[in-house]
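Each chain is listed here by its residues.
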There are 2 protein chains.
Amino acid sequence: MHRLTQFRLCPRSRSVRVALSEIGIPVTLADERPWEYRPAFLALNPAGELPVLELEGGLTLCGAYAISEYLAGRSVEEETQGRPAPLFHGSPGERAEQRRLVDWFHGKLDREVTRELLVERVYGHLMAAEAHAPDTGALRAIRANIRHHVTYVNHLAHERSWLAGDEMSFADMAAAGHLSCIDYLGEVPWDAYPSAKAWYARMKSRPAFRTLLADRMPGIAPAPVYADLDF
Amino acid sequence: MHRLTQFRLCPRSRSVRVALSEIGIPVTLADERPWEYRPAFLALNPAGELPVLELEGGLTLCGAYAISEYLAGRSVEEETQGRPAPLFHGSPGERAEQRRLVDWFHGKLDREVTRELLVERVYGHLMAAEAHAPDTGALRAIRANIRHHVTYVNHLAHERSWLAGDEMSFADMAAAGHLSCIDYLGEVPWDAYPSAKAWYARMKSRPAFRTLLADRMPGIAPAPVYADLDF
């Protein structure tokens, strides 16, 4: 079976797990703590970044970008018996819009929120021998950025069926990868953003999302409604 | 004509300019100062990021990811009379390797070097009414990261004809987009990395690179050998 090396609260790993499940490609999961930079992991991906997908045939794909474009390409259409991979679709302009938003979530949202939040509330906690106190000033800035980004998701979800248009695309999976990590930590103020909340409820109810909702990070309990479909 | 909104020392803008020129698609350039977040620019790209490509037909493509994948796709093959766009090519595995390295340069190198260096040495200078003094501690860390990244480029260039394999790809253009900005500021220790230097000399000698070498940022002179093909 293919093997996906990932971290349970890595947003890019999560987006790829949803994509693989939506396409119908089973994988075994291997957990990696990305801040440890283990030599064996760096031998697999010298960038030291997650996720990494090792295909049965021997090909190793490093990072959500290379993996998602590979999955969107022809080789996987063959692998899935000709079913179109649902990551990017429609006209060139529609696909450009899907990719613009993937870039927004895996680039801008990651830089302005998720990466920093994980450092403050997860990596620091898991690395420290003693209890780790997050930097309250940093958390305040991150929470302000969360509101900006959820406002934008709310706007998109209000205007469209899915974030990039009429159909679900990898843009939804990228957004949900990040927001599910942020939500695990109880940091998404859903009630102020009804369209974003309704969109995320639809993402949560998909079978491909189940394993994410069952994930538990040892030592860090999820927010109470993290796994509830009715939140 | 198509219109590319860009900043002269933006590495992603530069990678796309080289790609457009290699494919043979002429564009007019519009300069944007990305730190100003002008409302008219945010209306074009709400992410506030460069570059943005406005196609004559009315389609707007935001960001190097959406633009490069659009250029790699079928619509541009039509636009270029069936000539294959040289951004990604070969087997699915070869294309995954090209994209892994694009991600390395536009993701990891940007985060660890270029973005911080531009803040310290360009944005700060252009924004400040008075002379701006870069943070020497930050510059020391950036310079250590530059050596790590140029070591990796040197390794790739030593093992392969081009960074991702036998042919030039968007990985080379992404790397050159970043390294040309860093080199403009005189921060690349080329002489310690002969294979990286030989690869960059080949990139510099391509006709598609000429306009980058002619670029001047008002108020910030380039390093003496920035534009020299023999450096």
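The rules behind the values
Residues numbered from 1 in each chain as written. Chains lettered and ligands numbered in written order. Predicted model: local features only at pLDDT ≥ 70, side-chain atom pairs only at ≥ 80, totals over all residues. Heavy atoms only, no water. Contact = heavy atoms within 4.5 Å. Buried area = accessible area lost by both parts, 1.4 Å probe. Salt bridge = Lys/Arg side-chain N within 4 Å of Asp/Glu carboxyl O. Polar contact = N/O pair within 3.5 Å; in protein donor to acceptor, adjacent residues only side chain to side chain. Helix = DSSP H or I, 4+ residues; strand = E, 2+ residues; numbered from the N terminus. Axes fitted to C-alpha atoms, helices over the stretch in contact; angles between N-to-C directions. Parallel < 35°, antiparallel > 145°, perpendicular 65-115°, else oblique. Left-handed = near helix turned anticlockwise from the far one by under 90°. Nonpolar A, V, L, I, M, F, W, Y, C, P; charged D, E, K, R; others polar. Domains from an automatic or database assignment. Expected span 1.5 Å × (residues − 1). Buried < 20%, exposed > 50% of the residue type's maximum accessible area, 1.4 Å probe, protein only. Bend = angle between axes of the 7 residues up to and from the residue. 1 Å grid on protein atoms, 1.4 Å probe; cavity = no way out; pocket = protein on both sides within 12 Å on 5 of 7 lines; lining within 4 Å. Points joined across faces, edges and corners; volume = space filled by probe spheres on them. Least-squares fit on C-alpha atoms with pLDDT ≥ 70 in both. Pairing = 2+ DSSP bridges.

Residue-level contacts link 28 residues of chain A with 29 residues of chain B. Both sides of the chain A and chain B interface together cover about 2,400 Å² of buried area, and 61% of this is carbon and sulfur. At the boundary of chain A and chain B, one finds 2 salt bridges. At the boundary of chain A with chain B, the tally comes to 6 residue pairs in polar contact (both at pLDDT 80 or more). Of all the elements in the fold, those that place two or more residues in the side of chain A that touches chain B are β4 (60-62), α3 (63-72), α4 (74-79) and α5 (92-127) of chain A. Per element, the largest residue contribution to the side of chain A that touches chain B is 12 residues, and it comes from α5 of chain A.

Attention now goes to the packing of α3 of chain A against helix α5 (residues 92-127) of chain B. Contact pair α3 of chain A / α5 of chain B: the axes reach a minimum separation of 8 Å and the direction vectors enclose 150°. Between α3 of chain A and α5 of chain B, the crossing angle belongs to the class labelled roughly antiparallel. Where α3 of chain A crosses over α5 of chain B, the two elements pack in a sense that is right-handed. Packed against α3 of chain A, whose contacting residues are G63, Y65, A66, E69 and Y70 of chain A, the element α5 of chain B presents P92, A96, R99, R100, V102 and D103 of chain B at the interface. In the contact of α3 of chain A with α5 of chain B, the residues fall into 6 nonpolar, 1 polar and 4 charged.

The next point concerns the domain arrangement of chain A. Residue and element names in this part refer to chain A. Per the domain assignment, the segments of chain A are domain 1 (2-81) and domain 2 (92-214). The C-alpha-based centres of domain 1 and domain 2 are spaced at 20 Å. Carbon and sulfur atoms supply 67% of the area buried between domain 1 and domain 2, which totals about 2,000 Å² over both sides. Counting across the interface, domain 1 meets domain 2 through 3 salt bridges. Here D110 makes a salt bridge to R12, at a shortest N to O gap of 2.9 Å. Across the domain 1-domain 2 interface, the total number found is 6 residue pairs in polar contact (both at pLDDT 80 or more). A per-element tally of the side of domain 1 that touches domain 2 places helix α1 (residues 11-23) first, with 10 residues. Its residues assigned to classes, the side of domain 1 that touches domain 2 shows 10 nonpolar, 3 polar and 6 charged.

What follows concerns helix α6 (residues 136-159) of chain B. Residue and element names in this part refer to chain B. Counted at 1.5 Å a residue, the expected span for α6 with its 24 residues is 34 Å, and the 35 Å between its end C-alpha atoms agrees. When α6 is considered as a whole, its buried residues turn out to be L139, I142, I146, H149, V150, Y152, V153, N154, L156 and A157. Residues of α6 that are buried make contact with α5, α7 (170-184) and α8 (194-204). Capping the start of α6, D135 holds a side-chain oxygen 2.9 Å from the backbone nitrogen of G137, two or three residues further along.

Between its first and last C-alpha atoms α5 of chain A spans 44 Å; for 36 residues at 1.5 Å apiece the expected length is 52 Å, and the helix comes up short by more than 12%. For α5 of chain A, the principal kink sits at D110 of chain A and spans about 80°.

The next thing to look at is empty space enclosed by the protein. In this structure the tally under the stated criterion is 3 cavities of 30 Å³ or more. Looking at the largest cavity, its volume works out to about 740 Å³. For the largest cavity, the lining is made up of 36 residues, of which D103 and H106 of chain A together with D103, H106 and G107 of chain B are closest to its centre. Secondary structure elements with two or more residues in the lining of the largest cavity: α3 and α5 of chain A together with α3 (63-72) and α5 of chain B. The element that contributes the greatest number of residues to the lining of the largest cavity is α5 of chain B, accounting for 10 residues. For the lining of the largest cavity, the residue count by class is 13 nonpolar, 9 polar and 14 charged.

Between the two copies, chain A and chain B, the superposition gives an RMSD of 0.0 Å; the rotation angle is 180° and the shift along the axis is 0.0 Å. Classification of the inter-copy transformation places it as that of a two-fold axis. Taking C-alpha positions as the reference, the residue of chain A nearest the rotation axis is G107 of chain A, at 4.1 Å. Here 100% of the contact residues of chain A are again contact residues in chain B; the copies associate through an equivalent surface.

Quick look at the sheet that holds strand β4 (residues 60-62) of chain B now. All names here are of chain B. Strand order in the open sheet formed by 4 strands is β2-β1-β3-β4, and the pairing between neighbours is mixed. Single-partner strands in this sheet number two, and they are β2 (27-31) and β4. Averaged over all pairs of adjacent strands, the angle between their axes in this sheet comes to 20°, without regard to strand direction. Relative to β4, strand β3 (residues 52-54) runs antiparallel, the two being bridged by 3 bridges. Bridge pairing in β4 places V52 opposite C62.

All right, on to the packing of helix α6 (residues 136-159) of chain A against helix α8 (residues 194-204) of chain A then. All names here are of chain A. Between α6 and α8, the least distance of the axes is 7 Å, while the angle of their chain directions is 75°. Judged by the angle between their axes, α6 and α8 are roughly perpendicular. Residues V150, V153, N154, A157 and H158 of α6 form the contact with α8, whose participating residues are P194, S195, A196 and W199. Of the residues assigned to the contact of α6 with α8, the class counts are 6 nonpolar, 3 polar and no charged.

Right, let's talk about the pattern of salt bridges for a bit. Under the criterion given, the structure shown has 34 salt bridges over all chains. Its salt-bridge partner being E49 of chain B, residue R111 of chain A comes within 2.5 Å of it at the nearest N-O pair. Here E49 of chain B lies in the loop between α2 (39-44) and β3 and R111 of chain A lies in helix α5, a pairing that spans two chains. Residue class for R111 of chain A comes out partly exposed when judged on its relative accessible area of 26%. Relative accessible area serves as the criterion here: at 23%, E49 of chain B is assigned to the partly exposed category. As a salt-bridge pair, E187 of chain B and R121 of chain B come within 2.9 Å of each other at their nearest N and O atoms. Of this pair, E187 of chain B sits in the loop between α7 and α8 while R121 of chain B is found in helix α5, placing the two residues 66 residues apart along the sequence. A relative accessible area of 26% means that R121 of chain B is categorised as partly exposed. Within the structure, one salt-bridge network assembled from shared partners comprises R12, D110 and R115 of chain A.

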